[in-house]
Amino acid sequence: MAAAVGGPPAPQSEPPRPELGRDKAATAAHLKAALSRPDNRAGAEELQALLERVLSAERPLARAEGGGEAAGGGGGGGGPGAEEEALEWCKCLLAGGGGYDEFCAAVRAYDPAALCGLVWTANFVAYRCRTCGISPCMSLCAECFHQGDHTGHDFNMFRSQAGGACDCGDSNVMRESGFCKRHQIKSSSNIPCVPKDLLMMSEFVLPRFIFCLIQYLREGYNEPAVDVPSEKDLHKVLQLLGPQISFLEDLTKMGGAMRSVLTQVLTNQQNYKDLSSGLGENACAKKSHEKYLIALKGSGLAFPEDKLTCGMQDQAAGTSSLAVAGFAGATGTSGQVDSSDEEDQDGGQGVGKRKRVKLSSSVKDQSIMDVLKHKSFLEELLFWTIKYEFPQKMVTFLLNMLPDQDYKIAFTKTFVQHYAFIMKTLKKSHESDTMSNRIVHISVQLFSNEELARQVTEECQLLDIMVTVLLYMMESCLIKSELQDEENSLHVVVNCGEALLKNNTYWPLVSDFINILSHQSVAKKFLEDHGLLVTWMNFVSFFQGMNLNKRELNEHVEFESQTYYAAFAAELEACAQPMWGLLSHCKIRETQEYTRNVVRYCLEALQDWFDAINFVDEPAPNQVTFHLPLHRYYAMFLSKAVKCQELDLDSILPDQEMLMKLMIHPLQIQASLSEIHSNMWVRNGLQIKGQAMTYVQSHFCNSMIDPDIYLLQVCASRLDPDYFISSVFERFKVVDLLTMASQHQNTILDSEHERSMLEGALTFLVILLSLRLHLGMTDDEILRAEMVAQLCMNDRTHSSLLDLIPENPNPKSGIIPGSYSFESVLSAVADFKAPVFEPGGSMQQGMYTPKAEVWDKEFDPVMVILRTVYRRDVQSAMDRYTAFLKQSGKFPGNPWPPYKKRTPLHPSYKGLMRLLHCKTLHIVLFTLLYKILMDHQNLSEHVLCMVLYLIELGLENSPEEEPDEEEPVGGQERCHDSWFPGSNLVSNMRHFINYVRVRVPETAPEVKREPPASTSSDSFASTQNSGTAQVFSLVAERRKKFQEIINRNSGEANQVVRPKTSNKWSAPGSTPQLTTAILEIKESILSLLIKLHHKLSGKQNSYYPPWLDDLEILIQPEIPKYCHGDGMTAVERILLKAALQSRLNKRIIEEICRKVTPPVPPKKTSSTEKKTLDKEERRQKARERQQKLLAEFASRQKSFMETAMDVDSPETDIAMEIVTPEQQVSEAVYDCVICGQSGPSSEERPTGLVVLLQASSVLGQCRNTTEPKKLPTTEEEQIYPWDTCAAVHDVRLSLLQRFFKDSSCLQAVSIGWEGGVYVQTCGHTLHIDCHKSYMESLRNDQVLQGFSVEKGEFTCPLCRQFANSVLPCYPGNNVENSLWQCHSNKSMQELIKEVEELQEQLGIFPSETNLSKEMESVMKDIKSTTQKKYTDYSKTPGSPDNDFLFMYSVARTNLELELIHRGGNLCSGGASTAGKRSCLNQLFHVLAMHMRLYSIDSAYNPWKKLTQLMQDMNSQLCNEEQPEVPVLYRDVSSLLLIQILTMPQPLHKEHFTCIVKVLFTLLYTQALAALSVKCSEEDRLAWKDLGTLKKNTCSAEKSWEVLLSLVISELSKGKLYLEGETEELGMVNPIAWSPDSIERYLQQFCLPFLRIASLLQHHLFGGDLPSCQEEEEFTVLASCLGLLPSFSQTTHPFTSASCLDWPVPAFDIIPQWCFEVTSFSERHAEQVKVLLIQESKWDLPHLLQLPENYNTIFQYYHRKTCSVCTKVPKDPAVCLVCGTFVCLKGLCCKQQSYCECVLHSQNCGAGTGIFLLINASVIIIIRGHRFCLWGSVYLDAHGEEDRDLRRGKPLYICKERYKVLEQQWVSHTFDHINKRWGPHYNGL
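Reading the values: rules and limits
Residues numbered from 1 in each chain as written. Predicted model: local features only at pLDDT ≥ 70, side-chain atom pairs only at ≥ 80, totals over all residues. Heavy atoms only, no water. Helix = DSSP H or I, 4+ residues; strand = E, 2+ residues; numbered from the N terminus. Buried < 20%, exposed > 50% of the residue type's maximum accessible area, 1.4 Å probe, protein only. Contact = heavy atoms within 4.5 Å. Pairing = 2+ DSSP bridges. Phe/Tyr/Trp six-rings, centres within 6.5 Å; stacked < 30°, edge-to-face > 60°. Lys NZ or Arg CZ within 6 Å of the ring centre and 35° of its normal. Expected span 1.5 Å × (residues − 1). Polar contact = N/O pair within 3.5 Å; in protein donor to acceptor, adjacent residues only side chain to side chain. Axes fitted to C-alpha atoms, helices over the stretch in contact; angles between N-to-C directions. Parallel < 35°, antiparallel > 145°, perpendicular 65-115°, else oblique. Left-handed = near helix turned anticlockwise from the far one by under 90°. Salt bridge = Lys/Arg side-chain N within 4 Å of Asp/Glu carboxyl O.

Engineer: What is the right way to read the overall build of the protein from this model?
Structural biologist: In terms of helices and strands, the protein carries 74 helices and 31 strands. Counting across all 1884 residues of the protein, residues that qualify as buried make up 57%. At a minimum sequence separation of 6, the contacts of the protein that also span at least 24 residues come to 79%.

What follows is the structure, given as structure tokens:
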């Protein structure tokens, strides 16, 4: 390159071959110099030429396009090396000859880091703080969050779904107080200016580089063929471009200085024009430009056909910005809707039978041509990003640039400009989910910023574009609506079965729209723009009436469509959420105009809708749609107008006719809900129930049922009440039921549905009249009412309450408005119940339960009914209420739902109360009271309850004046035509009704030929009577009212003439033979009420007006606001209120009560009716009885389970136990829990204990320090396992095996510290043959879960405890009979001899009995329970020594574990913890039988060494190459078990004591030897001399001084003390050994052996263990074992030596033992000391200690790399026993088909693993081949788990739970306590 210096660049045809880096650097430096000259044209040209060559776009794409061929044919032009080469050049050039890394560092120095802007992708863990956020979408990266101060804030951690960016430092989105330390400083001021030459090269190089990238993208894109998706090709291109995009991304991370250069390059229009216009002579550039144009055209953007909705053409002209800009921004969008490929695709999918509707129109708007005219690199880059469906790397690059303000604005405008194109690409995409997430990832960063959103709205018509794009998107899936008038309907709705709705494809666009509407300035623009509102209402009307349900009347529907999910989601997201967004800006009076606009266009849209579906006045039968978004928009804006904006309601209400139409569909939904719950829609399948539930469910109710009910309340308050009431009963189809006759014919309803439909209608009326959600309650009152309703149904956790209480959905906020008021209301109405444990092991969460005064004063059944998704919740609330009243003594019986006074109505809605004062309602109430009194069928207590509720409501809300006080009594006779004189309930209550004319079927009892007894015979015939008979027909009334309103007979609407027939409107053809009968009634509402009181109380004259005794009642009525009680109380209350409101009523009540009421008239029911009534009652009673029985049974079962499952309290065990030793005279008797017979266990038919065998490594986890091990949460804290018991024992065994004979080593220790077999039983026994058949039946049973019968697993037939084997019971006694008393007088020597002889006896192989077979098989089971590696320790595999060692170690393991369960010592005494559940006795028999088969060669029998002097020590040592293990090196507890188990069973107590005594002497000597090593040289000499002085005293053998000196002098003969003296002293802190401390040391050394021996004695011979203080444990155990002669209770202090009983004089035997050690020390001096047994002070096993706060664990582990595969695991987990970090389910760490957790559970816990799943905060237990989720030990501030960290609230350790977990681990009870086990197939 040197030649080129100075002159113009030599045109080189050859691209520079890969020269050395140095040449590049030189070239770069030279170019930089050339460019810094004032006249730099030459330099610039030279650079261009160089870049042309280096970045030639041909190369990589030759490969991309030609695919394999080019690459195969000689590397396709430079191969992959070429791209890397180009990047290397760019780096060199940017750095201008320096090092690239230094260059990066230099640029970073100029970064004014005011914003964080870190971009993350899906699954990243980020934080959101609501206290600091201005926008609800605000998020922070973990680092900024932890660096900031958010204590006490409302924050949570979340897993990003779509990706996001950190907002730290951006004051538009969050408050500055929340910024982290790095971004708090507005540091731009003190950062120096960027030197010009630093970035000069970048400005020249980057445009070329980016253009090159764009060319690659153009080249790589091929317009996909119509049917072949081309994702593969796109992915290939993107893979090739990976390095280039990453390079750009790295540049953005260099900080502000570099970003501004990039912004300059990306937005500079001149650069773009020069490079990409394709006009140059370069053929390659031309080709690339052509491809770009093709791509544009293919996107329907170059020559778009455009379509507008027909309805909009005429409006478009007049409206403001729509015509020009809106469609300019978006019309290109739907060009492709008509194009053929779209049609084909859908033809293929077959959208069902319904044809799509196309809205035709074609308006060519030339301005659209400019829509995608790209003017800069940024615009074309975004174009390709969309075209390639938002590749993650491109998205990250584009977002990384956002901290640059200029870029942010430019990019946002570009994004808006491409919005329509994005929508089209999204619709076509095959991976719309991923793409949606990426789109939102970008848009949420742009639109959350109010300032930016406002600017784009003003400059780019953002709102028009968005609304129009949404409209077009939905237009592609419209179908004809079948609502109302199927043939002629002009209305179109979206098709919910279409992918667009099913897959929520519209979500990103709607989400953006909601996001921008949350900004006040933008929302105001929207609300002011009439054109936009029209378009938006048009959009909403596409959802009006979607997903229509038609009731199936004949067949059950064969295919249950699930489209309702899509429909509800669409209404909530696309209609309701934007509505709530708009409403949040209509809060003050000044915004009245906006509401008027919305309401106006909403009504217009509704009017159009009614016209389109041809709606007159009757809804089509058997149809319901739950989706009426237009009604709901209207309702919610009305509510806001009255509540916040002080608008006059009437000014925005339409005329009466429109109100009538408006109420029809919401009312239809309420009636349908009732029908669905009455099972009238069963043939439509479960999905219809799903819809009914979703409609009222907490996330939907305030956008669905609440507006509907409010709208009905508004209609009711303005329409004629009679019309409204009759409409309700007609919609609910119960008109025919409302007759005085006892029988009737209902033409439209089966009689089985009548009762529940009537209840539904009355309940609806009660809700309508008592609900005040939108009629005057304040927000806080609403919140309180909602909360009380939820808490009354059930106790709730904090999070479920948050979830169940409908938020006033602020779009996407996730915040309940004023969540502080949420907490304060919660603490006012509820008490917190801390999480507790139940003995069954089920873990409770922290719960909130209603306070007593809430039950007392606030329980509101109406609210509960409104909010229950499941009907059973209403019952649950009532049961809880009843329980409260019983408990607090307020009411003993079965209470009725309490009556509650309501909040006063807002004045605008006063008209609603007219419903209670209309004749129609009074007639209905009268009729129902009469029917109930007369016991007509199909009525229920619930009906009565609602009727009384309505009457009481009416009395509470009566019109003030009561004119009738003066009216003469005779006045009642005047009104003959109607039932009641006026419309006021108070006066109508006393109105007597004498005769009623009814239409009844001819078979009815009323139609009798002879006159009824109660009336005079002429009453039938005489005509003057029929005039007084009242006739009433609801339907006709309603029709008439409707006609009147339509005809606008202005004044007439209130004077009603009642037609006489009701026959007119019943369905033609189905008319049964009806005949008219006249009934004599002679009752008024008051008299009916009093009679009802008598009926309810079951007594005559039970009602006595209270004011007759106490006039005070009338003067100062104390009617509580809230009343508990049943029906009688309610009647009394109503009568009192009636009396209070009018003197006449009071008089009439007194009169009625004076006439002694005749007995309740005999029931006029035919016998058949009676039967059905009785049947009903009987059924009801039977049901109640059954409930009671079930409850009793459940509680009995529960108490049994609790006692049976409770590991710690054996006293309560009621299971059949092995008989206790007290009554043991004869042989033991066992009960078989399968066949139920009891009897002894025999050789032929042995009985067995149900046992669970499991391998356990719990013992191995003991450590010799009490210092707890912590779970590591930093790199420094790591856990090393060498101080565990298992490790220590392993090391010892392998050391012994190095120097001594193998067979003798294997008897010198115990194994089973890891992988030992633990045996436990539930204490139940069964015959072994019964068990076999039981297993057979389990095998054939297909329904088993949770355990594997093949592996021998089963559950105990009685207590269902998990088990896997049966341990045969040895015939004969459990316990040797000769208990304590028979002290034989044999001398020690005799006993020793006997023991030796017994051991010599060879174990006879037992005869082939069933018992011995079973014992063999159970031994096999025990062996196979643990892994091979835990049973084979000998050097010669399969040697019998192995089995021998394994068998006595099983006994050792079980004894040691029992010790641990007792807390590590025997101070508590008492029976064995497992009490009657211990199976050790049986286990010893099985082990002994097998161990007797191995004889120990008498020469090697340790017994001889312990009890006899050897003749010739030397010879014995020399003749073997490997000596035996010296006695002093042997583990005494192991020797004890070997001795016991090799003797014939049952053993005599005296022999046992003898063995213990002998072994104690050895143990004591070991203690002395260990002590002698521990003390210093001087101490040793001192003790040695002291002992020699005392040697000749009488009890020398029982004095430790003497023995210590003997041991010291014997061991000094070898090299034991010589070496390592010095460092030894450094190690043991020089304790001054006093006699006391020595005594204590010796006792501690001997205790573990004494404990094991005592337990063993307890299990073999029965007898309780004495309890004692810890200090006296040694003495108590020693005397219990018979080591302490009882007479030694003398005055001088006790010493451990006094327990010694030497079989051979100590002075002879100790030297013999020491000799073995000293002779060993000759050869291996360094090991001698190590092998001397050290004291073993093991602490109890514990799990790792966990940190207080879960975040500590999470932050360290969730990003930690796995040590095996060095990747960050997808599901990290950590072992709580040893702290190992593992990949859960990770295929990366799989070995021979075992995943890592399973593998670890085998290595660490011999098949039991306890893992904490980092990303879920839960603990998972692996037990063998099964696993279960145990739950979490971390709870939030409200005592709740947060599984999967969904809520992301801070979690704190719950110590009690962790204790329980540890307790279950140590006691091996996971299998019994946790119920939900499943197989893991080695996949965890």
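Moving on from the coordinates now.
Engineer: What's the story with the sheet that holds strand 4 (residues 155–159) in this structure? I'm lost.
Structural biologist: Within a sheet, each strand pairs with its neighbour through backbone hydrogen bonds, oriented either parallel or antiparallel. If you walk across this open sheet you meet the three strands as 3-2-4, and the pairing is antiparallel. The open sheet has two free edges, formed respectively by strand 3 (140–141) and strand 4, since each of these has just one partner strand. Note that strand 2 (residues 125–129) and strand 3 share two bridges and pair antiparallel. The residue of strand 3 that forms the bridge with Tyr 127 is Leu 140.

Engineer: Any chance you could explain unusual backbone geometry here in plain terms?
Structural biologist: Backbone phi values are negative for most residues with the exception of glycine, while trans is the configuration of most peptide bonds. The phi torsion at Gln 484 lies on the positive side, around 65°, for a residue other than glycine. If you trace the backbone, Gln 484 turns up in the loop between strand 7 (478–480) and strand 8 (492–494). Notably, Ser 1817 is not glycine yet its phi reads approximately 60°, a positive angle. Position of Ser 1817 among the secondary structure elements: in the loop between strand 26 (1808–1813) and strand 27 (1819–1823).

Engineer: Which parts of the structure should I look at to understand the packing of aromatic side chains?
Structural biologist: Geometrically, a pair of aromatic rings is defined through the distance of the ring centres and the angle of the planes. For the structure on display, the rule yields 51 aromatic pairs. An angle of 50° between the planes, with centres 5.3 Å apart, marks the rings of Trp 609 and Phe 610 as tilted. Side by side, Trp 609 and Phe 610 carry an identical accessibility label, which is buried. In textbook terms, an aromatic cluster arises when at least three aromatic residues are bridged by ring pairs, as seen for Tyr 564, Tyr 565, Phe 568, Phe 626, Tyr 695 and Phe 700. Taking the ring centre of Phe 1781 as reference, the NZ or CZ of Lys 1760 above it sits at 5.6 Å. Above the plane of the ring of Phe 1362 lies Arg 1826, whose end atom (NZ or CZ) is 3.9 Å from the centre.

Engineer: Hey, could you run me through helix 27 (residues 530–541) in this one?
Structural biologist: Quick reminder: α-helices carry 3.6 residues per turn. Residues three or four places apart thus point the same way. The first and last C-alpha atoms of helix 27 sit 16 Å apart over 12 residues, in line with the 16 Å expected at 1.5 Å per residue. Helix 27 sits mainly inside the fold: 10 of its 12 residues count as buried. Residues of helix 27 that are buried include every one of Gly 531, Leu 532, Leu 533, Val 534, Thr 535, Trp 536, Met 537, Phe 539, Val 540 and Ser 541, and no others. Between the side-chain oxygen of the N-cap and the backbone nitrogen of Gly 531 there are 3.0 Å, and the N-cap of helix 27 in question is Asp 529.

Engineer: What's the story with helix 69 (residues 1706–1723) in this structure? I'm lost.
Structural biologist: Along its 18 residues, helix 69 runs 27 Å from first to last C-alpha, staying within 8% of the 26 Å computed at 1.5 Å per residue. In terms of burial, helix 69 is largely enclosed, as 13 of its 18 residues are buried.

Engineer: Would you mind showing me how to read the packing of helix 62 (residues 1532–1541) against helix 67 (residues 1635–1661) here?
Structural biologist: Packed helices, taken two at a time, are described by the angle between their axes plus the distance between the axes. Where helix 62 contacts helix 67, the two axes come as close as 9 Å, and the packing angle between them is 25°. Comparing their axes, helix 67 and helix 62 come out roughly parallel. In this structure, helix 62 meets helix 67 at a crossing whose hand is right-handed. Where helix 62 approaches helix 67, its residues Val 1532, Ser 1533, Leu 1536, Leu 1537 and Ile 1540 are matched on the opposing element by Phe 1649, Ile 1652, Ala 1653, Leu 1656 and Leu 1660.

Engineer: Help me out: how do you make sense of the sheet that holds strand 26 in this one?
Structural biologist: Here we have six strands laid out as an open sheet, ordered 25-24-26-27-28-31, and antiparallel in their pairing. Two strands bound the open sheet, and with one partner strand each, they are strand 25 (1781–1783) and strand 31 (1878–1879). Relative to strand 25, strand 24 (residues 1772–1775) is paired through three bridges, and the arrangement is antiparallel. Looking across to strand 25, one finds that Ala 1773 is bridged to Val 1782. Running over the sheet, helix 71 (residues 1750–1757) touches strand 24, strand 25 and strand 26 and is turned about 90° from strand 26.

Engineer: Got a minute to help me understand the pairing of strand 23 (residues 1365–1368) in this structure?
Structural biologist: The side chains of a regular strand alternate between both faces of the sheet. Alternating residues of strand 23 divide into Ser 1365 and Leu 1367 and Val 1366 and Pro 1368, and every residue in both groups is buried. Two strands pair when backbone bridges link them, and strand 19 (residues 1247–1256) and strand 23 are joined in this way by four bridges, in the antiparallel orientation. Paired with Leu 1249 across the strands is Leu 1367, a residue of strand 23.

Engineer: What's the story with the pattern of salt bridges in this structure? I'm lost.
Structural biologist: Side-chain pairs of opposite charge can arise whenever the charged atoms involved come near each other. Tallied over the entire structure, the rule returns 59 salt bridges. A salt bridge links Lys 1137 to Glu 956; its shortest N-O distance comes to 2.7 Å. One end of the pair, Lys 1137, is in helix 50 (residues 1127–1141); the other, Glu 956, is in helix 43 (residues 941–956), with 181 residues separating them in the sequence. Of the residues examined, Glu 956 reaches a relative accessible area of 27% and is grouped as partly exposed. Its salt-bridge partner being Glu 1748, residue Lys 1855 comes within 3.5 Å of it at the nearest N-O pair. Highlighted residues: Lys 1855 in helix 73 (residues 1855–1866) and Glu 1748 in the loop between helix 70 (1725–1731) and helix 71, separated in sequence by 107 residues. By relative accessible area, which is 45% here, Glu 1748 ends up partly exposed. Each of Lys 901, Glu 952, Glu 956, Arg 1133 and Lys 1137 takes part in salt bridges that share partners, so that together they form one network.

Purely geometric stuff here, so don't read any function into it on its own.
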